[in-house]
Amino acid sequence: MLFRPYYAVPLLATLGLLTASAAQAQVPIAAATAGDSLSLETTVRSVLDANPAINALQEEVNQAQSRLDETRTYLRPTVDGTASYTRIDPVVKIPLGDATFQLAPANNYDTHVTARYTLLDFGRANAAINAAKLRTLAATDQINVTRRDLAYAAAQSYYSILFAREAIRVQDAQIASLRQHEREMAKRVEGGVSTNFDVTTTQVRIAQALDRKIDLQSQLRNQEIQLARLLHRPESEVVAVRGRFEYNPQAVNVQDALAKGAENRPEVKLAKDAEEAAAAQLRITETSNKPTLSVLAQAGGKNGYIVPNLERFRFNTVAGAQLNIPIYDGDKNKYQRATAQSAIKGAQARSQDTQEQIRADVLQAVNTMQTSTARYDNSQVQIGQAADALTRAKARYRYGVGNNLDVLDAETQLAQSRLSRLQSIYNYTLGQYQLRRATGEQIW
């Protein structure tokens, strides 16, 4: 959930946060609050450790690996044993003079071990193995994408909590100044140099400031609930975080960032996995109607041999070869190839779209950083001007040449300028880590 305070530009909706900058802070905004417990790194790691989605994806990887191991067995021989008993009644007997010739025993026993092996399948098994490998790789890459998205979501909540705290502090400073001004108004009313209208007007501004503070406190609580959900803790539990909210400008080489994103983003790897998987499926289809040559060897024992004794259990062997040649499948393979070729084209189109999305992500992040830098510089000027205007308005009012509304407007402008600076720092921080996300930088 992102903050959308009505006194500032809506925050950038992005998951582009992951870790605090290693650079030395130039403008520290807030120090850690007493009683806090989770730093950015521990927050992200705790979310990754607690989220069951990672475990579910890991099980998918395990399943894909098991299917790969199963597919590899296609290259190995198979051996099985068989034992059977058959009762024949009546049996065929042929009289020969005084003797009777029996063609088969009534009780037939047969035990044997059979080994089968495919000598030649024109690459069918290897194609299936390659496809299984690619499925395993894609499942692993999906874990990386999910871990990254969870990490960014955790870091966004972390920084949003820091932002809300600072915004509340700014609002508290405005409320304290307005209340001080209210006390001065009360004294002037007692002295007969001001009216109750000035006091009432000041109280209205105080109520408005308190209303904004209530909104900020609600947003802070919502972010704490969001972080608790990511950590899979009870929503009623307040997750304390610690850290510094800082402005750390950095130079950006756009072309280098674009090159990094095109090479390192996990989405690029997933797109390549999809292309290779589609090509592997086409290869399986191409080999599915090829001939196969297999051999068989069997050894065991059975009765029923006519000479010299039908009941005698004898050792026997069998060896053979089988060539299977598909002749006609009703054009099934033809349509399967067309489907596989279409899947390849679709995967290639998605890869191109992924590259275009990466380019857009990088440029948007850079634009956010540049805009936030300009807003920060402008807010610094506004703060100086607003502080000077407030000092002058108070002095003019004190000497009776100004009015109370000038003081109140100056107080409001100073608070808004401070919040604008805070907003620009927050947006710049988002832009920094949005850029890291866009370029596929690995953190944790």
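Above this text you will find the structure in question.
In what follows, the accompanying structure is described. Source: prediction; values computed, not measured.

How each quantity is defined
- Starting afresh in each chain, residues are numbered from 1 along the sequence in its written order.
- Confidence filtering applies because this is a predicted model: local features only for residues at pLDDT of at least 70, side-chain atom pairs given and counted only at 80 or more, and all residues used for totals across whole chains, interfaces and linings.
- Excluding hydrogens and water, the side-chain values take into account all heavy atoms of the structure.
- Definition used in this section: a nonpolar core is a set of buried Ala, Val, Leu, Ile, Met, Phe, Trp, Tyr and Cys residues joined via side-chain atoms within 4.5 Å.
- In this scheme, a residue with accessible area under 20% of its type's maximum is buried, one over 50% is exposed, and one in between is partly exposed, where area comes from a 1.4 Å probe on protein chains only.
- Only DSSP runs of H or I covering at least 4 residues are called helices, and only runs of E covering at least 2 are called strands; the numbering of each starts at the N terminus.
- Any two residues whose heavy atoms approach within 4.5 Å are treated as being in contact.
- The term salt bridge refers to a pairing of a side-chain nitrogen on Lys or Arg with a carboxyl oxygen on Asp or Glu at a separation within 4 Å.
- Here the expected length of a helix is defined as 1.5 Å per residue gap, with one fewer gap than residues.
- Side-chain rings of Phe, Tyr and Trp (the six-membered ring for Trp) are treated as a pair once their centres are within 6.5 Å; stacked means planes under 30 degrees apart, edge-to-face means over 60, and tilted covers the remaining angles.
- Only when the NZ of Lys or the CZ of Arg is both within 6 Å of the ring centre and within 35 degrees of the ring normal is a charge said to sit over the ring.
- Any two strands with at least two DSSP bridges between them are considered paired.
- Every angle, taken between N-to-C directions, lies between 0 and 180 degrees, and every axis is a line fitted to C-alpha atoms, over only the stretch in contact when it is a helix.

Y159, F245 and V362 are the most contacted members of the largest nonpolar core, which has 48 residues in total. When contributions to this core are tallied by element, the ones reaching two or more residues are α1 (40–50), α3 (124–190), α4 (196–230), α5 (254–264), α7 (332–398) and α8 (404–438). The element contributing the most residues to this core is α3, with 14 residues. For V362, the contacting residues outside a window of four places in its chain are V254, A257, L258, L435, A438 and T439.

Let us now look at the pattern of salt bridges. Scanning the model with the defined rule gives 15 salt bridges in all. E224 serves as the salt-bridge partner of R221, at 3.5 Å between the closest nitrogen and oxygen. Placement of the pair is R221 and E224 together in helix α4, with a separation of three residues, close to one helical turn. The class for E224 is buried, based on a relative accessible area of 11%. Here the salt bridges share partners, and the residues they tie into one network are R148, D149, R265, E267, D361 and R437.

Right, let's talk about helix α6 (residues 266–287) for a bit. Between the first and last C-alpha of α6 there are 31 Å, a value that for 22 residues agrees with the 32 Å anticipated at 1.5 Å per step. Those residues of α6 that fall on the buried side of the exposure criterion are P266, E267, V268, A271, D273, A278, A280, L282, T285 and T287.

A few words on unusual backbone geometry. In this structure, P90 follows D89 across a cis peptide bond, with omega equal to 5 degrees. Positioned with a positive phi, F122 is a non-glycine residue whose angle comes to about 55 degrees. Take F122: it is sitting in the loop between β5 (107–120) and α3. The partly exposed category is assigned to F122, whose relative accessible area is 41%. Unlike most non-glycine residues, D331 shows phi in positive territory, near 65 degrees. As for its position among the elements, D331 is in the loop between β8 (314–324) and α7. Overall, the relative accessible area of 34% leaves D331 in the partly exposed class.

Moving on, we come to the packing of aromatic side chains. Applying the stated criterion across every chain yields a total of six aromatic pairs. Residues Y159 and Y433 carry aromatic rings whose centres are separated by 6.1 Å and whose planes lie at 20 degrees to one another, so their mutual orientation is stacked. Placement of the pair is Y159 in helix α3 and Y433 in helix α8, with a sequence separation of 274 residues. Take Y159 and Y433: they sit in the same class, and that class is buried. Seen in terms of ring centroids, F163 and Y426 are 4.6 Å apart; in terms of plane orientation they differ by 45 degrees. Their pairing is tilted. With F163 in helix α3 and Y426 in helix α8, this residue pair connects regions lying 263 residues apart in the sequence. By relative accessible area, F163 is classed as buried at 1%. Its relative accessible area of 0% is what places Y426 among the buried residues. Taken together, Y158, Y159 and Y433 form an aromatic cluster joined through their ring pairs. When the ring centre of Y152 is taken as reference, the NZ or CZ atom of R437 above it lies at 5.7 Å.

This part covers the sheet that holds strand β2 (residues 78–87). Strand order across the open sheet formed by four strands is β2-β5-β7-β8, with antiparallel pairing between neighbours. Looking at which strands have only one partner, the edges of the open sheet turn out to be β2 and β8. For this sheet, the mean inter-axis angle between neighbouring strands, taken without regard to orientation, is 20 degrees.

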